[in-house]
Amino acid sequence: MSTLQSPRTSGLVSDLTAGKLPRFAPALAAVIALGIGALAALLIGGGLLATVLFAAVAFLVVLPAWYAVVEGRRAAVDRLVTCLVWSALAVALVPLVSLLWTVVHHGARQLDATFLGQDAFITALHQPTGILHAIVGTLLITLTAAVMSVPLGIFAAIYLIEYGAGSKLAAAIRFLVDVMTGIPSIVAGLFAFALFTLLFGPAYRSGLAGAAALSLLMVPIVVRSTEEMLRLVPNELREAAYALGTPKWRTIVKVVLPTALGGIVTGVTLATARVVGETAPLLLTAAITTKVNLNVFDGFMTTLPVMVYSSQAKGHPEDFDVAWGAALVLVLIVLVLNIVARIVGKIFAPKTGH
């Protein structure tokens, strides 16, 4: 007795029982596409960029078509979507890699003991310029902003999830946090400038004022990231603690926060990376100086972004070199912060096992 199959079912069976291409098929297709791209660029008169673009388009056509002939429509569609995803990733990486290469290429030659260990206060005609004062200012202002923002943001997120869930006050706080997330940095700087001018007079500039401006930008990011991490903690853990007679505050401290610590640390790191490169608020509140200032409560204090801005604004070639060097140091500081955050997150993350 013969088995009857619908056209759709028979097509599915043929796709599943089709032949298989060898593993080197994508590499061979890439070579063919590169040849097509080079030929097309040669005929049209384009350069390297045209060759890459033509080769990418040819690859997106050749490889799925080859899979469609040998393995069927399902495999061809799967390979086409995979190629599109990888292509999108490559396009997204192009500006990032270009930016990093440019910063490293121009800034690496500036890094030496004098550049990193000396400030910009010049006492001789041909004295080299250093960025020690900007590094110290960046670390102190960012640390002060984190001390002001992280506890406030975490406590606000704990209230939103653990105590005020469903209340009108929590909804209003969440709405205000969302509004603050999109606030322009110059507005935060103007607010801090006006506040400290009212409190200490129009001539007051300090790292504390700059940290207050940055904290306005950090708090909403810390709140939203911590809120999402606390929301991911299973309610079963809370209920188990309550069933053992554990108070709510102790459940939050001993169960909820340790479970979400990895995500909270990541959110704090993102908030820090968000503000460490700010320039406009610090120009208003901390100003610019050429000497190292360790007192965040009084006196001008320069950060690396402000020094990059002020150096390139002068327009001299040597000042551009200083700007590139300071930009590279800033990128390295952000990199170190991310590495430390990942290490801390792995150390304090809840252990999983069987």
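Keep in mind it's a predicted model, so treat the numbers as computed, not measured.

## Describing the overall build of the protein chain
A tally of helices and strands in the protein chain yields 14 helices and zero strands. Counted from the first residue to the last, the protein chain has its helices and strands arranged as α-α-α-α-α-α-α-α-α-α-α-α-α-α. Whereas a compact globule of 354 residues would reach a radius of gyration of roughly 20 Å, the protein chain reaches 28 Å, over 25% beyond that. Each principal axis of the C-alpha atoms in the protein chain carries an extent, and together these give about 95 × 70 × 35 Å. For the protein chain, the proportion of its 354 residues judged to be buried stands at 36%. By sequence separation, contacts in the protein chain at least 24 residues apart represent 71% of the contacts at least 6 residues apart. Summing over all exposed atoms, the protein chain offers an accessible surface of approximately 20600 Å²; the carbon and sulfur share of this is 72%.

## Quick look at the packing of helix α9 (residues 207-231) against helix α11 (residues 248-275)
The description of two helices packed together rests on the angle between their axes and the distance between the axes. The N-to-C vectors of α9 and α11 enclose an angle of 150 degrees; their axes lie 8 Å apart at closest approach. By the criterion of interaxial angle, the relationship of α9 to α11 is roughly antiparallel. In this structure, the crossing between α9 and α11 has a hand that is right-handed. On the side of α9, the interface is formed by Leu214, Leu217, Met218, Ile221, Val222, Ser225, Thr226, Met229 and Leu230, while α11 contributes Val256, Leu257, Ala260, Gly263, Ile264, Gly267, Ala271, Thr272, Arg274 and Val275.

## Quick look at empty space enclosed by the protein
Where empty space is left in the structure can be found by rolling a water-sized probe over the atoms. Counted by the stated rule, this structure contains three cavities of 30 Å³ or more. In this structure, the largest cavity spans a volume of roughly 40 Å³. Thr138, Ile141, Thr142, Leu214, Val275, Val276, Glu278, Leu282, Thr303 and Pro305 are the residues that line the largest cavity. Its residues assigned to classes, the lining of the largest cavity shows six nonpolar, three polar and one charged.

## Details of the UniProt feature "transmembrane region" (unreviewed entry) in the protein chain
UniProt's feature table lists "transmembrane region" (unreviewed entry) at residues 21-42, 48-69, 81-104, 131-161, 173-200, 206-223, 255-276 and 322-341, given in the numbering used throughout. Within residues 81-104, the helical portion is 100% and the strand portion 0%, while the C-alpha atoms at the span's ends are 34 Å from each other. Structurally, residues 173-200 comprises 89% helix and 0% strand, and the distance from its first C-alpha atom to its last is 30 Å.

## Considerations on the layout of surface pockets
In this structure, the largest pocket occupies an estimated 340 Å³ of space. Forming the boundary of the largest pocket are 19 residues, of which Ala146, Val268, Thr269, Thr272 and Leu337 lie nearest the centre. Contributions of two or more residues to the lining of the largest pocket are made by α6 (132-163), α11 and α14 (317-348). Element by element, the count of residues in the lining of the largest pocket is highest for α6, at seven residues. Looking at the lining of the largest pocket residue by residue, the class counts come to 15 nonpolar, four polar and no charged.

## A look at α11
Between the first and last C-alpha of α11 there are merely 34 Å, a value that for 28 residues lags more than 12% behind the 40 Å anticipated at 1.5 Å per step. Along α11, the sharpest change in direction is near 60 degrees and occurs at Leu261.

## So, the domain arrangement of the protein chain
Taken domain by domain, the protein chain consists of domain 1 (21-108) and domain 2 (132-347). Its C-alpha centre places domain 1 at a distance of 40 Å from the equivalent point of domain 2. Taken together, the two surfaces of domain 1 and domain 2 that pack against each other cover about 480 Å², and 87% of this comes from carbon and sulfur. Contact with domain 2 buries area across many residues of domain 1, yet Val103, His106 and Gly107 alone supply 72% of it, more than any other trio. Applying the counting criterion to the domain 1 and domain 2 interface returns zero salt bridges. Counting across the domain 1 and domain 2 interface gives zero residue pairs in polar contact (both at pLDDT 80 or more). The class makeup of the residues in the side of domain 1 that touches domain 2 is four nonpolar, three polar and no charged.

Here is what the cut-offs are and how they apply
Residues numbered from 1 in each chain as written. Predicted model: local features only at pLDDT ≥ 70, side-chain atom pairs only at ≥ 80, totals over all residues. Heavy atoms only, no water. Helix = DSSP H or I, 4+ residues; strand = E, 2+ residues; numbered from the N terminus. Rg over C-alpha atoms; globule rule 2.2 N^0.38 Å. Buried < 20%, exposed > 50% of the residue type's maximum accessible area, 1.4 Å probe, protein only. Contact = heavy atoms within 4.5 Å. Areas by Shrake-Rupley, 256 points an atom, 1.4 Å probe, with all protein chains shown as cover. Axes fitted to C-alpha atoms, helices over the stretch in contact; angles between N-to-C directions. Parallel < 35°, antiparallel > 145°, perpendicular 65-115°, else oblique. Left-handed = near helix turned anticlockwise from the far one by under 90°. 1 Å grid on protein atoms, 1.4 Å probe; cavity = no way out; pocket = protein on both sides within 12 Å on 5 of 7 lines; lining within 4 Å. Points joined across faces, edges and corners; volume = space filled by probe spheres on them. Nonpolar A, V, L, I, M, F, W, Y, C, P; charged D, E, K, R; others polar. UniProt positions renumbered as here; feature names shortened; annotations may be inferred. Expected span 1.5 Å × (residues − 1). Bend = angle between axes of the 7 residues up to and from the residue. Domains from an automatic or database assignment. Buried area = accessible area lost by both parts, 1.4 Å probe. Salt bridge = Lys/Arg side-chain N within 4 Å of Asp/Glu carboxyl O. Polar contact = N/O pair within 3.5 Å; in protein donor to acceptor, adjacent residues only side chain to side chain.

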